[in-house]
Amino acid sequence: MVSTKYPIVLIHGMMAKDFPFWHAFRGISGFLKKQGVTVYVTNQDGVGGIETNAQQLKEEVLQILQKENCEKVNLIAHSKGGVDARYMISCLDMAPHIASLTTLSTPHHGSGLSARLLKMPAFMAKTVAFFTDIFFRLLGDRQPDIMQLGRDLTPEAMAQFNEIAPNMPGVYYQSFSSTSPDKKAFILSVPYQISRYCEQDDTDGMVSVKSSQWGNYRGSVGGNVDHFQMVGVYGSEKKLTGVGLFYLHIIQELKAMDF
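Just so it is clear, the model here is predicted, and its values are computed rather than measured.

## What about the overall build of the chain?
Argument step 1. Helix and strand counts for the chain come out as nine helices and six strands.
Argument step 2. Here the chain holds 259 residues, and 54% of them are scored as buried.
Argument step 3. Nonlocal contacts in the chain, meaning residues at least 24 apart in sequence, comprise 78% of its contacts between residues at least 6 apart.
Argument step 4. Split by element, the accessible area of the chain, about 11800 Å² in all, is 56% carbon and sulfur.

## Looking at the sheet that holds strand β6 (residues 216-220)
Argument step 1. Spatial strand order, β2-β1-β3-β4-β5-β6: six strands in an open sheet with parallel pairing. Across the chains shown, the open sheet's two edge strands, defined by having one partner strand only, are β2 (39-41) and β6. Averaged over neighbouring strand pairs, the angle between their axes works out to 20° when direction is ignored.
Argument step 2. Here helix α9 (residues 237-256) sits on the sheet and contacts β1 (8-11), β3 (73-78), β4 (98-104), β5 (172-177) and β6; the angle it forms with β4, its principal contact strand, is near 150°.

## A closer look at unusual backbone geometry
Trans is the prevailing form of peptide bonds, just as negative phi is the prevailing case for residues other than glycine.
Argument step 1. The backbone phi angle of F25 is positive, close to 60°, even though this residue is not glycine.
Argument step 2. Mapped onto the elements of the fold, F25 is located in the loop between β1 and α1 (28-34).
Argument step 3. Although it is not a glycine, D93 sits at a positive phi angle of roughly 60°.
Argument step 4. Within the element layout of this structure, D93 appears in the loop between α3 (80-91) and β4.
Argument step 5. The class for D93 is exposed, based on a relative accessible area of 65%.

## Looking at the layout of surface pockets
Argument step 1. In this structure, the second largest pocket spans a volume of roughly 190 Å³.
Argument step 2. For the second largest pocket, the full set of lining residues is I50, E51, Y87, Q148, D152, A157, Q160, F161 and I164.
Argument step 3. Within the residue set of the lining of the second largest pocket, elements represented by two or more residues are α2 (50-68), α6 (146-152) and α7 (155-164).
Argument step 4. Among the residues making up the lining of the second largest pocket, the classes are represented as five nonpolar, two polar and two charged.

Scoring rules and cut-offs
Residues numbered from 1 in each chain as written. Predicted model: local features only at pLDDT ≥ 70, side-chain atom pairs only at ≥ 80, totals over all residues. Heavy atoms only, no water. Helix = DSSP H or I, 4+ residues; strand = E, 2+ residues; numbered from the N terminus. Buried < 20%, exposed > 50% of the residue type's maximum accessible area, 1.4 Å probe, protein only. Contact = heavy atoms within 4.5 Å. Areas by Shrake-Rupley, 256 points an atom, 1.4 Å probe, with all protein chains shown as cover. Pairing = 2+ DSSP bridges. Axes fitted to C-alpha atoms, helices over the stretch in contact; angles between N-to-C directions. 1 Å grid on protein atoms, 1.4 Å probe; cavity = no way out; pocket = protein on both sides within 12 Å on 5 of 7 lines; lining within 4 Å. Points joined across faces, edges and corners; volume = space filled by probe spheres on them. Nonpolar A, V, L, I, M, F, W, Y, C, P; charged D, E, K, R; others polar.

Next comes the structure, spelled out in structure tokens:
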């Protein structure tokens, strides 16, 4: 049985919120609980900007701290969730309450794909954003704003972000990337090819290896895990079991570090 000093908080990324048909950390949180891990899954907006999502995360973490009667939590964040978490820690006075932040395929240095999409004709971008925001509001988002999300994640915006949200003393930061060969990229190879073209680097179908690196970079997850398999949105039972074991390994390491 694995029981860390501080609870584990799993933070989802863009569009990977826990919806009835699209489950973030599907099976992963349940698997971890069976191993004795105290684990929570966040519910910040699926298409919110960094600042608004970080504020929502802060509210959730404070509730967890109160419920567990503890001083700190360990964060394991996927994709944009890692950026939301970093802003919360550095800019919202939450560093004293965070023992560690582990990020998985987080675009710390920006997304070439976001930059490319923002270059589409304005009328098209606004139309897509309008209906996307409505859709996610119906699914529970409080402040959906996919245009702001896209602007937040360009390489230029993230370079500025990294200046205002540095690593905070007392918080352990580590990161992992993942890659997937184009024939096995999530669902179809087309998204991988688009991502590979935009990033000019190996990717997991969404985020490049280079952009994923922050703090103590631990390397690739391995096992040809694509962006959404890493958060358990879909995949075979064997694949999801492997992902769950990877999370368990991270948690075992955090326990050994007295986190």
